[in-house]
Amino acid sequence: MSDKPAEYTGPERVFSGVQPSGSLHLGNYLGALKKFVDLQDDHDCVYCIVDLHAVTVWQEPKELANQTRHIAAAFLAAGVDPAKAIIYPQSRVRAHTELAWYFNCVARIGWLNRMTQFKDKAGKNSEKMSVGLYDYPVLQAADILTFKATHVPVGEDQKQHLELSRDIAAKFNNDFDAPGFFPLPEPLIKGPGARVMSLKDGSNKMSKSDPSDLSRINLTDDADLIAKKIRKAKSDAGVIPEAVEELEGRPEVSNLVGIYAALSGKSDADVLTEFAGQGFGAFKPALAELCVEKIAPITQLMNRYLSDPEEIDRILARGADAASEIADPIVGDVRDIMGFWKV
Ligand code: TYM
């Protein structure tokens, strides 16, 4: 019998990543950034700008570094504090790509074939997509596990990728007789804001790639634009219902109520109690006011951070060094476990 512990017994760590492709929207803020801030006070947190993931689709080389700074500014403006959490660009920490290769040899093609995000992104053109886009979830598993992260705050759209990360961790531990070497990372998805939907169609998630800018609230939108987008958001001819069950079959209403709940820190039920019986002529202005109150300060702060790119670069460089210090020894252990030559 092995005397190694069967399960991971190491310290807890939080890891998450955001792609530097396009500007962030309310879904990214509520599904990810807000949770990053909530977790940083009492957890060991690592937040990565995943530029290696971004280049799985074409990114203009002249823009890429600035896009990375833009996301860093959004992290900082949302309240991520570099004195409490590590913030860094993925491409500066080599452990990600090295571990991704080892995991390529652990993950099975059948597992990747089941990934719905690839199917959604590739559509009928899968033959013309980059190999990187197909392999994207394996790199994501490497991101998380190169820090032996135990908890991953993400929106609901990342659930399947997190399940794959757990499968890869379990298969690695099993194949190499290293029980408990990698934790099986747990997604932190629950709570309001885990799935913010398009303002134009309550059955589609709010997304950077939606051709209509009116479908999303960007963290770069000013107060007037935010108010206009809420005013134009799809709703219906009914009123705000009394009970959560009555939101069933009303996806747009459910989304607007959910956004109000997530921004105000209340439950959907509390929001319904407050607004029950009111029409959208009353609810939308209240929602617009709340959105402006919460988002406009972030936008202003972001612009302030972006006016000093050298300071952002210093924070990212320090973060990359701190991240490498954690990740490199873990990948070193993986090399030993796999039996690679060494002197
Ligand atoms: P990305 O850059 O697409 O999105 C960043 C985060 O925002 C969340 N999100 C949403 N949450 C609620 N409602 C929405 N409409 C919405 N749209 C996006 C995403 O769930 C995500 O948490 N694959 C990841 C990046 C990544 C990663 C990782 C995440 C790479 N490596 C390791 C966690 C751990 C992605 O594409 O995120």
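Our structure is the block above this text.
Per-chain numbering applies: the sequence of each chain, read as written, is numbered from 1 onward. For this predicted model, a pLDDT threshold of at least 70 governs which residues receive local features, and a threshold of 80 or more governs which side-chain atom pairs are given and counted, while totals over whole chains, interfaces and linings are taken from all residues. Side-chain measures here rest on the full set of heavy atoms in the structure, leaving out hydrogens and waters.

1. Overview of the packing of aromatic side chains
A pair of Phe, Tyr and Trp rings is counted when the ring centres sit within 6.5 Å of each other, with Trp represented by its six-membered ring. The angle between the planes then sorts it: under 30 degrees is stacked, over 60 is edge-to-face, the rest tilted. Within the structure shown, the criterion is met by 16 aromatic pairs. Between F36 and Y47, the ring centres sit 4.1 Å apart and the planes meet at 10°, which makes this aromatic pair stacked. Placement of F36 in helix 1 (residues 26-40) and of Y47 in strand 2 (residues 45-49) is noted, with a sequence separation of 11 residues between them. Across the pair, Y47 and F36 agree in class, each one buried. Centroid distance F280 to F283: 6.4 Å. Interplanar angle 80°. Geometry classified as edge-to-face. In this pair, F280 and F283 are both assigned in helix 12 (residues 280-306), three residues apart and thus about one turn of the helix distant. Within the aromatic cluster, the residues linked to one another by ring pairs are F103, F172, F176, F181 and F182. Put simply, a charge is over a ring when the Lys NZ or the Arg CZ is close to the ring centre, within 6 Å, and near the line of the ring normal, within 35 degrees. Above the face of the F181 ring, K148 is positioned so that its terminal group lies 3.8 Å from the ring centre. A helix here means a DSSP run of H or I that spans at least four residues, while a strand means a run of E at least two residues long, and both kinds are numbered starting from the N terminus. Each residue is assigned to one of three classes by its accessible area relative to the maximum for its type, calculated with a 1.4 Å probe on protein chains only: buried under 20%, partly exposed between the two thresholds, exposed over 50%.

2. What about unusual backbone geometry?
In the Ramachandran plot, K148 falls in the positive-phi region, its phi being about 45° despite a non-glycine side chain. Within the secondary structure layout, K148 lies in the loop between helix 7 (131-145) and strand 4 (151-153). One non-glycine residue, D177, adopts positive backbone phi at about 45°. The topology assignment puts D177 in the loop between helix 8 (159-175) and strand 5 (186-188).

3. Description of the site of the ligand
Here a residue is considered near a molecule or strand provided that any single heavy atom belonging to it is located within 4 Å of it. Close to the ligand lie 27 residues; Y136, D143, G155, D157 and V196 are nearest. Contact between the ligand and G27: a nitrogen atom at 3.1 Å from a main-chain N or O atom of the residue. Counted as a polar contact is a pair of N or O atoms within 3.5 Å, where, for protein atoms, one must be capable of donating a hydrogen and the other of accepting one, and residues adjacent in sequence contribute only when both atoms are in side chains. Within the contact set of the ligand, a nitrogen atom lies 2.6 Å away from a side-chain nitrogen or oxygen of D143. What sets the accessible areas is the Shrake-Rupley method with a 1.4 Å probe; for residues, cover comes only from the shown protein chains. Relative to its unbound accessible surface of 710 Å², the ligand loses 96% to contact with the protein. Under the grouping applied here, Gly and all other residues not named as nonpolar or charged are polar, the nonpolar ones being Ala, Val, Leu, Ile, Met, Phe, Trp, Tyr, Cys and Pro and the charged ones Asp, Glu, Lys and Arg. Class assignment of the residues belonging to the shell around the ligand gives a composition of 11 nonpolar, 12 polar and four charged.

4. Some words on the side chain of T68
Here T68 shows up in helix 3 (residues 61-78). Contact definition: two residues touch when any of their heavy atoms are within 4.5 Å. Beyond its immediate chain neighbours, meaning those up to four positions away, T68 contacts P20, I49, D51, P89 and L316.

5. As for the packing of helix 7 against helix 8
Each axis is a line fitted through C-alpha atoms, and for a helix only the stretch in contact is used; angles between axes span 0 to 180 degrees, taken between their N-to-C directions. Relative orientation of the contacting elements helix 7 and helix 8 amounts to 65°, with a least axis distance of 9 Å. The pairing of helix 7 with helix 8 is recorded here as roughly perpendicular in orientation. Like other packed secondary-structure pairs, helix 7 and helix 8 cross with a definite hand, here right-handed. Taking contact as the criterion, the partners of Y136, P137, V138, Q140, A141, I144 and L145 in helix 7 are, on helix 8, H161, L162, L164, S165, I168 and A169. Considering only residue class, the contact of helix 7 with helix 8 consists of 10 nonpolar, three polar and no charged. To sort the angles, those under 35 degrees are grouped as roughly parallel, those over 145 as roughly antiparallel, those from 65 to 115 as roughly perpendicular, and the leftovers as oblique. If you view the pair so one helix is near and one far, a crossing is left-handed when the near helix is turned anticlockwise from the far one by less than a right angle, and right-handed when it is turned clockwise.

6. Focus: a negative patch on the surface
Two joining distances apply to patches: 9 Å for like charges and 5 Å for nonpolar side chains (Val, Leu, Ile, Met, Phe, Trp, Tyr), and every residue must have over 30% relative accessible area and no salt bridge. Salt bridge, as used here, is a side-chain nitrogen of Lys or Arg placed within 4 Å of a carboxyl oxygen of Asp or Glu. In this count, Lys and Arg are taken as positive residues and Asp and Glu as negative ones, while His and the chain termini are left out. Charge positions are represented by NZ for Lys, CZ for Arg, CG for Asp and CD for Glu. Taken together, the side chains of E242, E245, E246 and E248 present a region of like negative charge at the surface. Its place among the elements puts E242 in the loop between helix 9 (223-231) and helix 10 (251-264). Judged by relative accessible area, which is 64%, E242 ranks as exposed.

7. Comments concerning helix 8
Quick reminder: α-helices carry 3.6 residues per turn. Residues three or four places apart thus point the same way. Expected span of a helix: the number of residues minus one, times 1.5 Å. When the terminal C-alpha atoms of helix 8 are compared, their 24 Å separation across 17 residues agrees well with the 24 Å that a helix rising 1.5 Å per residue should span. The complete set of buried residues in helix 8 reads H161, L162, L164, S165, I168, A169, F172 and N173. All buried residues of helix 8 project into a common sector of 165° when viewed along the axis, lining one side. Downstream of helix 8 by one or two residues, D177 has phi in the positive range, about 45°. Taking the helix axis as origin, the arc is that swept by the directions to the C-beta atoms.

8. Details of a positive patch on the surface
On the surface, a cluster of positive charge is contributed by K200, K228, R231 and K232. Examined against the element boundaries, K228 turns out to sit in helix 9. On the basis of relative accessible area, K228 is assigned to the partly exposed category, the value being 34%.

9. Points about the pairing of strand 1 (residues 14-18)
Within strand 1, four of the five residues are buried, which leaves it mostly tucked inside the rest of the structure. The sheet contact formed by strand 1 and strand 2 spans five bridges and is parallel. Within the sheet, the bridge partner assigned to F15 lies in strand 2 and is V46. When the strands point away from the viewer, a crossover counts as right-handed if the route from the first strand across the helix to the second turns clockwise. Each parallel crossover has a hand, and the one from strand 1 via helix 1 to strand 2 is right-handed. Paired strands, as defined in this entry, are two strands with at least two bridges between them according to DSSP.

10. Let's talk about the pattern of salt bridges
Counting across every chain of the model gives 14 salt bridges. For D236, the salt bridge goes to R250, with nearest N and O atoms at 2.8 Å. Here D236, found in the loop between helix 9 and helix 10, pairs with R250, found in the loop between helix 9 and helix 10; they are 14 residues apart in sequence, far enough to count as distant. Residue D236 is classed as partly exposed on the basis of its relative accessible area of 32%. The class for R250 is buried, based on a relative accessible area of 16%. Connected via shared salt-bridge partners are D213, R216, D221 and K229.

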